[in-house]
Amino acid sequence: MAEIATGKMDKSIDLKYQPGFSQIAWLCIVVLYAPIAVLVLFSFNQNRSVTVWTEFSFDWYIKAAQNEGIQHAAWVSLEVAFIAMVISTILATMAALVTTRTPPYRGLNVAVTVINQPLMVPEVVTAVATLIFFAIIKQATGVTGIGYLIAAHTAFCIPFAYMPIRARLEDMDLSLEQAAADLYAPPFKVFRRVTLPLMMPGIMAGAMLAFIVSLDDVIITLFVAGPGETTLPLYILGQIRRGVTPEINAVSTLFLGISVILVTLIFLFGTDKNKGKQ
Amino acid sequence: MSDQTAKAAIDVRNTSKIYGRDREHGVVALDQVSLTIEDNEFFTLLGPSGCGKTTLLRLIAGFEQPTHGEILLFGEHLEGLPPYKRPVNTVFQHYALFPHMTVAENISFGLEMLEKPAAEIKPVVDEVLGLVQMEQLADRKTDQLSGGQQQRVALARALAPRPKVLLLDEPLSALDFKLRKEMQVELKRLQNETGITFIFVTHDQEEALAMSDRVAVMRDGLILQVGNPSEIYDRPAKRFVADFIGDINILRGSVVSSQGDKARVRLDTGYEGDAGLPTGSDDLGDAVSVAIRPEQLSFVDDAVEADLSGSIQHISYFGSGFDYEVLIPGGETVTLQLQNRGAGQHDYAIGDEVHIAIGANSMQILSD
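The structure displayed is predicted, hence computed values, not measured ones.

Trainee: Go over the overall build of chain A, please, and point to the residues and values.
Mentor: Summing up its helical and strand segments, chain A has 11 helices and 0 strands in all. In chain A, the order of α-helices and β-strands from amino to carboxyl end is α-α-α-α-α-α-α-α-α-α-α. Principal axes of the C-alpha set define a box for chain A whose edges measure 70 × 65 × 30 Å. When each of the 278 residues of chain A is scored for burial, the buried share is 32%. Put simply, of all contacts in chain A between residues at least 6 apart along the chain, 78% involve residues at least 24 apart.

Rendered as structure tokens:
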């Protein structure tokens, strides 16, 4: 409701009006996006080279779509990412509720830190630790399969899903839930009718973030994935060792497209107007 | 006696709320408060922020639990009952309307939670929408409403389940002046029409005087005085109450004699007259503070009729009237308030020597 005073800053202090500002901004954009632009451009190149342009064509996309290795890798990626997304989002939602909607308790800060810690641990450490840990379990139980990969992805997705959900809950006015309780709603109905619908944009954003992070992951997957569990990033990595073809460009471009769509969706959910505040 | 207390809408008995470990290490938000609110009363808790008025409201609603003491609702103990089992509803300071529901859905929420059949809910929703004059906006989302409209929806939502007591937590503070005046009238009308006991929390003394049947003035977790608006305004018992509610002159004097709730006082200026004496203040001693409202003073031409004399130090004009600050012998200043009766009616100027009469029954002795 309250209008945030953005105000008109004095031009002499406003960074936007400093000399060289737009040049630096453009430089950053070029450095960030020029390689991607080149990759996308050459995915449409008719010839085999990834450096010399000849003619526009969809040949490499058709080739990629017919490649069984790519098909399988894409399927594994989607399966792992989807299941990891669902489980990690449920767990992250529960974690976010417990860390924002209960009276302060001893160990609350520790709990929040523990939930977020995986973001700080170097991924290769997590990868090695997970590998060894899973090896012990496999030896003890004899159980193998894609479950291990899904479990590993779920684990590192939790903090990513947790962040937007927690942010949303912290943004929500506590008096809404009090109002529901005041209007005769027992705790479960308060959750179902008020808390859950209002935190939904946060949950959606968290889920998509988890999905992308899982889809993109290389290091942990590289260590944990067993035979026949090659994800798309692993497949691309494997192909690159044998020399780059525009087929890889095409797959990467499709991959990029999915990411862009998901990020756009996160953005749309994130700027949802129902902030839960009056 | 027990019969009478059983009928009271709210009976707060010796209730304290302490945040933190104990009295020494924590914050005492409410300090052994006892209070009886009658059925069908418009009762206001008035005080500055941090005085405990909102804490008391939250204890009645069930959002907080008292540290000591007990609260009864129509004779029933509320202890241990969660908010959703208490037949009281709250109008929140910032309304707390559900942003993902329409106006009608907001209003029917309480009735749905009480598991009323849909056929019963619809007429009630229509009725309360009519009560707050919002029929046309039933299908709007709440974020498409103005502040005043949100206020009305919040009221309708809280009234729809027919609570035994309606709690209002500074509901008018977010509205602009004109709308606030309108809603004051509206609230009073709603209370009359529904017959529901209203407990209204505010820090605005004008609001409290304008709407309430009775007012409790609070400070530092204590109730200083309970009474109808006239008692609170004309017969303040304590210096804080006198000061907090409206403008007031406080002069030094001494008690000559006293009987019941009346006393004969002599002001340090030499004037002697009758003054109200707060109950339970036998040990006031000789030197007392005497309060007189500025509008109870008037200018007189004749020095013989004068109760006080002095010279005008300052004049302030506030549209509907004038405040004259008059320096009286002994170095004290009194403020005298006159209604604006048209241009040229009062031609007093700074520096004028004036004579002042004190209105009959307008002096009140204060305890600290």
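What follows picks up the thread again.
Trainee: Any chance you could break down the overall build of chain B for me, citing the residues and the numbers?
Mentor: Helices and strands together make up the secondary structure of chain B, namely 9 helices and 20 strands. Along the longest, intermediate and shortest principal axes, the C-alpha atoms of chain B span 75 × 50 × 40 Å. In chain B, which comprises 368 residues, the share counted as buried stands at 39%. Put simply, 64% of the contacts in chain B that link residues at least 6 apart link residues at least 24 apart.

Trainee: Please give an account of the domain arrangement of chain B that cites residues and values.
Mentor: By the assigned domains, chain B splits into domain 1 (2–234) and domain 2 (247–366). Each of domain 1 of chain B and domain 2 of chain B has a C-alpha centre, and the two are 38 Å apart.

Trainee: So, the interface of chain B and chain A: which residues are in play, and what are the values?
Mentor: By a frequent convention, interface size equals the accessible area lost on bringing the separate parts together. The partner chain A presents 19 residues to the 21 residues of chain B that form the contact. Contributing elements (two or more residues each) for the side of chain B that touches chain A: strand S6 (88–91) and helix H3 (103–113) of chain B. At 3 residues, the largest contribution of residues to the side of chain B that touches chain A is made by H3(B). Across the side of chain B that touches chain A, the residue classes break down as 14 nonpolar, 6 polar and 1 charged.

Trainee: Please give an account of helix H1 (residues 21–43) of chain A that cites residues and values.
Mentor: With 23 residues, H1(A) extends 33 Å from end C-alpha to end C-alpha; this agrees with the ideal 33 Å at 1.5 Å per step. Residue Tyr33(A) marks the point of greatest curvature in H1(A), where the axis turns by about 45°; the proline Pro35(A) follows within four residues.

Trainee: Report on unusual backbone geometry, specifying residues and quantitative values.
Mentor: Residue and element names in this part refer to chain B. Here Gln133, not a glycine, exhibits a phi torsion of approximately 55°, which is positive. Secondary-structure assignment places Gln133 in the loop between helix H4 (118–131) and helix H5 (147–159). A tally of 12 C-beta atoms within 10 Å means that Gln133 is categorised as exposed. In this model, Asn361 sits at a positive phi of 55°, which is unusual for a non-glycine residue.

Trainee: Before we move on, could you go through the sheet that holds strand S11 (residues 249–259) of chain B and cite the residues and values that matter?
Mentor: All names here are of chain B. One closed barrel accounts for 5 strands, arranged S11-S12-S13-S20-S14; its pairing is mixed. Going from strand to strand, the sheet's axes swing by 55° on average, the running direction of each strand aside. The pairing of strand S13 (residues 272–276) with strand S20 (residues 363–366) spans 2 bridges and is parallel. Paired with Ala275 across the two strands is Met363, which belongs to S20.

Trainee: Tell me about the nonpolar core, residues and numbers included.
Mentor: Counting residues in each nonpolar core, the largest one holds 151 residues, and the members touching the most others are Ala161(A), Ile60(B), Ile199(B) and Val290(B). Counting residues per element, this core draws most heavily on helix H8 (residues 187–216) of chain A, which supplies 13 residues. Split by domain, the residues of this core number at least three in each of domain 1 (2–234) and domain 2 (247–366) of chain B. In this structure, Ala161(A) is in contact with Ser88(A), Thr89(A), Ala92(A), Gly206(A), Ala207(A), Leu209(A) and Ala210(A), ignoring residues within four places of it in sequence.

Trainee: Any details on helix H2 (residues 53–61) of chain B? Residues and values, ideally.
Mentor: All names here are of chain B. Of all 9 residues that make up H2, 9 are buried, and the element is covered over most of its length. Looking at H2, one finds that the buried residues are Lys53, Thr54, Thr55, Leu56, Leu57, Arg58, Leu59, Ile60 and Ala61. Note on H2: the residue one or two positions beyond its end, Gly62, has a positive phi of about 100°.

Trainee: Give a description of the packing of H3(B) against H5(B) that names residues and reports values.
Mentor: All names here are of chain B. Closest axis-to-axis distance for the H3/H5 pair is 7 Å, and the angle between their directions is 30°. Classified by the interaxial angle, the pair formed by H3 and H5 is roughly parallel. The hand of the H3/H5 crossing is right-handed. Together, Val103, Asn106, Ile107, Phe109 and Gly110 of H3 and Val153, Ala156 and Arg157 of H5 make up the contact between the two elements. By residue class, the composition of the contact of H3 with H5 is 5 nonpolar, 2 polar and 1 charged.

Trainee: Hey, could you go over the pairing of strand S19 (residues 353–358) of chain B for me, with residue numbers and the actual values?
Mentor: All names here are of chain B. As judged from the 4 bridges shared by strand S15 (residues 297–300) and S19, these two strands associate in the antiparallel manner. Opposite Leu297, over in S19, you have Ile358 as the bridge partner. Judged from the 4 bridges that link them, strand S16 (residues 308–317) and S19 form a sheet pairing that is antiparallel. Within S19, the position partnered with Ser309 by the bridge is His355.

Trainee: Could you give an account of the sheet that holds strand S3 (residues 42–46) of chain B, with specific residues and numbers?
Mentor: All names here are of chain B. Within the open sheet, the 6 strands sit side by side as S6-S7-S8-S3-S9-S10. Their pairing is mixed. On the outer flanks of this sheet lie S6 and strand S10 (222–227), each paired with one strand and no other. Along the sheet, successive strands turn relative to each other by an average axial angle of 20°, direction set aside. Judged from the 5 bridges that link them, strand S7 (residues 165–169) and strand S8 (residues 197–202) form a sheet pairing that is parallel. Bridged to Asp169 within S8 is Val201.

Trainee: Lay out the environment of Ala287(B) in plain terms, naming residues and giving numbers.
Mentor: All names here are of chain B. With respect to the helices and strands, Ala287 occurs in strand S14 (residues 287–292). The class for Ala287 is exposed, based on 10 C-beta atoms found within 10 Å. A sequence separation of 49 residues divides Ala287 from Leu336, and the C-alpha atoms of the two residues are 24 Å apart. The residues contacting Ala287, other than those within four sequence positions of it, are Arg252 and Ser254.

Trainee: Any details on the pairing of strand S17 (residues 321–327) of chain B? Residues and values, ideally.
Mentor: Residues and elements named next belong to chain B. Bridge count between S16 and S17: 6 bridges; the pairing is antiparallel. Residue Ser316 lies in a different strand from S17, and its bridge partner there is Asp323. Note that S17 and strand S18 (residues 333–339) share 7 bridges and pair antiparallel. Within S18, the residue paired with Glu325 across the bridge is Thr335.

Trainee: Break down the confidence of the model for chain B for me, with residues and values.
Mentor: All names here are of chain B. Per-residue confidence for chain B averages 89 on the pLDDT scale, and 96% of its residues sit at or above 70. Low pLDDT, under 50, characterises residues 1–5; the stretch is placed with 2 contacts to residues that sit more than four places away or in other chains. The ipTM for the predicted assembly is 0.84, set against a pTM of 0.81.

Trainee: Explain the confidence of the model for chain A residue by residue, including any values.
Mentor: All names here are of chain A. Summing up the model confidence of chain A, the mean pLDDT is 87 and the portion of residues at 70 or higher is 92%. Segment residues 1–5 is flagged for pLDDT under 50; beyond a separation of four residues in sequence, or across chains, it makes 1 contact in the model. For residues 273–278, every residue scores under 50 in pLDDT, and the model assigns this stretch 19 contacts once sequence neighbours within four places are set aside.

The rules we used
Residues numbered from 1 in each chain as written. Chains lettered and ligands numbered in written order. Predicted model: local features only at pLDDT ≥ 70, side-chain atom pairs only at ≥ 80, totals over all residues. Helix = DSSP H or I, 4+ residues; strand = E, 2+ residues; numbered from the N terminus. Buried ≥ 20, exposed ≤ 12 C-beta atoms within 10 Å, placed from the backbone. Contact = placed C-beta atoms within 7 Å. Domains from an automatic or database assignment. Nonpolar A, V, L, I, M, F, W, Y, C, P; charged D, E, K, R; others polar. Expected span 1.5 Å × (residues − 1). Bend = angle between axes of the 7 residues up to and from the residue. Pairing = 2+ DSSP bridges. Axes fitted to C-alpha atoms, helices over the stretch in contact; angles between N-to-C directions. Core = buried A, V, L, I, M, F, W, Y, C linked by C-beta atoms within 7 Å. Parallel < 35°, antiparallel > 145°, perpendicular 65-115°, else oblique. Left-handed = near helix turned anticlockwise from the far one by under 90°. pLDDT = per-residue confidence, 0-100.

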